[in-house]
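# Observations on chain architecture
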Amino acid sequence: MRTFFLFLFISLIAFTSNAQKRALLVIDVQNFYFSGPNALVNPDSAAQTAAILLKHFRENGELVVHVKHEAKVGEDIHSSVIPKEGEMVIKKMKVNSFSGTDLDQYLRKNGITELVVCGMMTHMCVEAAFRAATDLGYKCTLVADACATRDLMFGGVAIPAKMVHHSTLASLTYYGKVLTLDEFLKQQKK
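First, a word on scope: everything that follows refers to the structure included in this document. Since this is a predicted model, take the numbers as computed values, not measurements.

For the rest of this paragraph, the subject is the pairing of strand 1 (residues 22-27). For strand 1, the tally of buried residues reaches six of six residues, placing the bulk of the element in the interior. Sheet analysis places strand 1 next to strand 4 (residues 114-120), joined by six bridges and oriented parallel. Paired with L24 across the two strands is V116, which belongs to strand 4. Of the strand pairs in this sheet, strand 1 and strand 2 (residues 63-69) are connected by five bridges, and their pairing is parallel. Directly across from L25, in strand 2, lies its bridge partner V65. Viewed along the sheet, the connection from strand 1 through helix 2 (residues 43-59) into strand 2 turns out right-handed.

Between M120 and M121 the backbone carries a cis peptide bond, its omega angle lying at -10 degrees. Structurally, the position occupied by M121 is in the loop between strand 4 and helix 4 (122-135). Of note in the backbone geometry, D28 takes a positive phi value of approximately 50 degrees without being a glycine. As for its position among the elements, D28 is in the loop between strand 1 and helix 2. Relative accessible area serves as the criterion here: at 0%, D28 is assigned to the buried category. One non-glycine residue with positive phi stands out, namely N42, at about 55 degrees. In this fold, N42 is placed in the loop between strand 1 and helix 2.

Cut-offs applied
Residues numbered from 1 in each chain as written. Predicted model: local features only at pLDDT ≥ 70, side-chain atom pairs only at ≥ 80, totals over all residues. Heavy atoms only, no water. Buried < 20%, exposed > 50% of the residue type's maximum accessible area, 1.4 Å probe, protein only. Helix = DSSP H or I, 4+ residues; strand = E, 2+ residues; numbered from the N terminus. Pairing = 2+ DSSP bridges. Right-handed = clockwise from strand over helix to strand, strands pointing away.

Everything listed here is a matter of coordinates, which is why it stays silent on function.
If you want it as structure tokens, here you go:
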């Protein structure tokens, strides 16, 4: 009987520590991306997908971190992914969520080794955080349909948001996993 309880205790510790190895990083899902001059292409769809991902992490008791770019107008986090009490909100002034913030220290203090990333804009803040996180040694997964971006112009050539999004995702596959929400959730059931 004593052996059984010892096994149960060790299993519980292992389960608890494994659950805390991974965190969700929700980057810049803020009001200024939904309307006005900074509006993205299809931000509502990405935000709804991010909300489902957020719900999954909350239901599984995993760490959630919100990142918010400080701005003069529209800086509030969008209503679809409002932080709950106890969830960390990291405020940043730069594109990279790790630059000039205590994000890395907070994640390490909580034993996080793996990040699942979503947010806005795919080709800027999401990409910068994803690359930086892998450089810092985190195992990263990006949920592609929980991200959004905008049309760009370069050299007089218009680049549609869909192409900006997909080319960014293609390059990020060299840094970590890039999955849809459905693919990510299917992997969780294994």
